[in-house]
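Inside the fold
This is what each chain is made of:
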Amino acid sequence: MISSFLADGAASLVSVAGRGESSMQNLTTTAMAIVAAILFILALKWLSAPSTARRGNLAGEIGMTVAILGALLGYHILRYEWIIVGFTIGAMIGAPMAIWMSMTAVPQRTALSHACGALAAALVGTAHYYLYFQPGAAVPQRITMAILCIEVILGALTFTGSLMAFGKLQDLLPARPTLYRGQNVLNFLILGAALATGVLLTLHPTMRVLFPILLGLATLFGVLLILPIGGADMPTVIALLNSYAGLSASMMGFVLNNRLLIIAGALDGASGLILSIIMCRAMNRSFANVLFGAFGQVQASAASAEKKSVRRTTAEEAAQVMEAAASVIIIPGYGMAVAQAQHKVRDLYDQLTNRGVDVKFAIHPVAGRMPGHMNVLLAEAEIPYDRLIEMDEINADFPQCDVALVIGANDVVNPAARHDKSSPIYGMPIINADRAKTVMAIKRSMNPGFAGIENELYTADNCLMLFGDAKTVVAGVAKELAEAAKSN
Ligand code: NAP
């Protein structure tokens, strides 16, 4: 999602700059724009693998700095003080967000960033429109007006949509889907009205009264779009909003004739769309199901899991079983993130590998609540990247695996996805933990995960439950192994 920060940043910058390039300035700006664009593309490429992600971050940061300097050089700046005020306010909001918001809060942090970028795009579009009414200003061409309308619609709906997503993820708003009769029809009517207003404005740009109506309808649509979507679906929606914010910034680039904005916005738009497609595929759900499916309502069957018998075990017994194993595959999930257990998982990994146990991590593409959630946490605990194996590559290894250790994962290891056609997760590719010789699952209770359904894995004959907070339980198992090592 770094591209969104790039596009958002560029959007904010252009919003305070005037125009008027000389040919020398133009050359310098073009050269800097090309360097920045190349760095943005490299950043996205490097960010796609954990081993190069830090380099990708750095490339993005340098690219953004080059883009800012290029814009400052290339534009005739009217008021520097407003740029300084803008930077100061932005830094005062951005720095605390980066420093104090925890890893588990990254989805809502991203939503806030999109809200800011989209607001900048909508405001620039609005300011640009009203500039046409200055004395002596030419009436905008239809094509410019059409692009400006798209920019403002996307910017405004992404602004309110992202704020709603932030509110749901931060528990400021009810996370459950809010539903009412005729909801989808009303939403489509409002979107249709916004688009129709945009067409009218394109045909009659001087009808000023239409512009606030366009803004109002798009802003309202952003709120209504998010209402029926459950809090846990927000990461997918945020990736989609990321895409809208990028497209809005790209449109702004066309309106302002700024090449870098066009490129950064297009990269942002495309990467957000690709990310949301990957997430939908990994959940075996369509865009329509995410946007209109009201996923996340509590399922009636969820509570019945308590009644089925489960086999419990203790940290001591778990340590003994793992000590005797030749191979252990750890499957992390959202619960590991909630418990912040990654460093204790690293201790456990060290204890086991020191004894010659082959330890690997099976990574499901949508484990946790954001793309790459598990990779980020395990990288933070400095678990070697080559031990993190993608689901498709590791699934064939389970029948030969002695212990599958499930740490706070639920839906991504639920065998119902393979055979239960009535299950909401039917068809979702899962990690085949149930096919290991022994399964151990760490969680606090028999409560369901994100999909709100019970998991037959926990009542399977080869499954032992380790109830408790993931951090405490994993620490307990690692301690048992360490003590056993001392006494040997
Ligand atoms: P999950 O199905 O949500 O299950 C997480 C489990 O962790 C829960 O059953 C919970 O059980 C346990 N847990 C919570 N806190 C814990 C703690 N402190 N210690 C131990 N256990 C704890 O998680 P998942 O298997 O990772 O699956 C992710 C789900 O999110 C999928 O359905 C996916 O489609 C969805 N999703 C993912 C993304 C993404 O980008 N990754 C985006 C949108 C949706 P207890 O309460 O009993 O402890």
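Analysis parameters
- Residues numbered from 1 in each chain as written.
- Predicted model: local features only at pLDDT ≥ 70, side-chain atom pairs only at ≥ 80, totals over all residues.
- Heavy atoms only, no water.
- Near = heavy atom within 4 Å.
- Polar contact = N/O pair within 3.5 Å; in protein donor to acceptor, adjacent residues only side chain to side chain.
- Areas by Shrake-Rupley, 256 points an atom, 1.4 Å probe, with all protein chains shown as cover.
- Helix = DSSP H or I, 4+ residues; strand = E, 2+ residues; numbered from the N terminus.
- Nonpolar A, V, L, I, M, F, W, Y, C, P; charged D, E, K, R; others polar.
- Domains from an automatic or database assignment.
- Phe/Tyr/Trp six-rings, centres within 6.5 Å; stacked < 30°, edge-to-face > 60°.
- pLDDT = per-residue confidence, 0-100.
- Contact = heavy atoms within 4.5 Å.
- Expected span 1.5 Å × (residues − 1).
- Buried < 20%, exposed > 50% of the residue type's maximum accessible area, 1.4 Å probe, protein only.
- Pairing = 2+ DSSP bridges.
- Right-handed = clockwise from strand over helix to strand, strands pointing away.
- Axes fitted to C-alpha atoms, helices over the stretch in contact; angles between N-to-C directions.
- Buried area = accessible area lost by both parts, 1.4 Å probe.
- Salt bridge = Lys/Arg side-chain N within 4 Å of Asp/Glu carboxyl O.
- Patch = residues over 30% accessible without salt bridge, like charges linked within 9 Å, V, L, I, M, F, W, Y side chains within 5 Å.

**Let's talk about the site of the ligand**
Taken together, 31 residues form the shell around the ligand, and within it Arg369, Asn410, Asp411, Arg444 and Ser445 come nearest. Contact between the ligand and Asn410: an oxygen atom at 2.7 Å from a main-chain N or O atom of the residue. In the environment of the ligand, an oxygen atom lies 2.7 Å from a nitrogen or oxygen atom belonging to the side chain of Ser445. Its free accessible area being 920 Å², the ligand has 97% of it covered by the protein chains. For the shell around the ligand, the elements supplying multiple residues, two or more each, are helix 9 (234-256) and helix 13 (334-339). The dominant element in the shell around the ligand, judged by the number of residues it contributes, is helix 13, at four residues. Classifying every residue of the shell around the ligand by side-chain character gives 16 nonpolar, ten polar and five charged. Viewed by domain, the shell around the ligand spans two of them, domain 2 (105-297) and domain 3 (309-487), each represented by three or more residues.

**Concerning the packing of aromatic side chains**
What the rule picks out here adds up to six aromatic pairs. With a centroid separation of 6.0 Å and 40° between ring planes, the pair formed by Tyr349 and Phe361 is classed as tilted. In this pair, Tyr349 sits in helix 14 (residues 342-354) while Phe361 sits in strand 2 (residues 358-363), placing the two residues twelve residues apart along the sequence. A network of ring pairs unites the aromatic residues Tyr129, Tyr130, Phe133 and Phe211 as a single cluster.

**Notes on the confidence of the model for the protein**
Predicted confidence across the protein gives a mean pLDDT of 88, with 92% of residues reaching 70 or more. Of the regions scoring below 50 in pLDDT, residues 1-20 engages in 62 contacts with residues more than four places distant in sequence or in other chains. Of the regions scoring below 50 in pLDDT, residues 300-306 engages in eight contacts with residues more than four places distant in sequence or in other chains.

**Digging into helix 2 (residues 23-47)**
If you check helix 2, its first and last C-alpha atoms are 36 Å apart, about what 25 residues at 1.5 Å a residue would give, namely 36 Å. The complete set of buried residues in helix 2 reads Thr29, Met32, Ala33, Ala36, Ala37, Leu39, Phe40 and Ala43.

**Section: the pairing of strand 2**
Counting buried residues along strand 2, five of its six residues qualify, which places the element largely inside the surrounding structure. Relative to strand 2, strand 1 (residues 327-332) is paired through four bridges, and the arrangement is parallel. Each residue of the ladder has a partner; that of Ser327, found in strand 2, is Asp358. The pairing of strand 2 with strand 3 (residues 388-390) spans three bridges and is classified as parallel. Pairing of Ala362 across the sheet is with Ile389, part of strand 3. As for the winding sense of the linkage, the β-α-β connection from strand 2 through helix 15 (residues 373-380) to strand 3 is right-handed.

**Regarding the environment of Gly265**
Following the sequence through the fold, Gly265 ends up in helix 10 (residues 259-282). The exposure class assigned to Gly265 is buried, which follows from its relative accessible area of 0%.

**Comments concerning the sheet that holds strand 4 (residues 403-407)**
Across the sheet, which stays open at both edges, the six strands sit in the order 3-2-1-4-5-6 with parallel pairing between neighbours. The sheet is open, and its two edges are formed by strand 3 and strand 6 (463-467), each paired on a single side. Each strand of the sheet is rotated relative to its neighbour by a mean of 25°, with strand direction disregarded. Together, strand 1, strand 2 and strand 4 form the strand contacts of helix 14, whose direction differs from that of strand 2 by roughly 145°.

**Quick word on the domain arrangement of the protein**
Think of interface size as the accessible area that goes away when the parts come together; that is how it is often given. Structurally, the protein comprises domain 1 (17-95), domain 2 (105-297) and domain 3 (309-487). Here the C-alpha centroids of domain 2 and domain 3 sit 38 Å apart. Contact between domain 2 and domain 3 buries roughly 1100 Å² in total, counting both sides, with carbon and sulfur atoms accounting for 79%. Here domain 2 and domain 3 share zero salt bridges between them. Our count for the contact surface shared by domain 2 and domain 3 stands at zero residue pairs in polar contact (both at pLDDT 80 or more). Taken together, the elements giving at least two residues each to the side of domain 2 that touches domain 3 come down to helix 5 (106-131) and helix 10. Of the residues forming the side of domain 2 that touches domain 3, the biggest block, four residues, is contributed by helix 10. By residue class, the composition of the side of domain 2 that touches domain 3 is nine nonpolar, one polar and three charged.

**Observations regarding a nonpolar patch on the surface**
A contiguous nonpolar patch, built from Trp82, Val85, Ile89 and Ile93 and spanning about 390 Å² of accessible area, is present on the exposed surface. The topology assignment puts Trp82 in helix 4 (residues 80-100).

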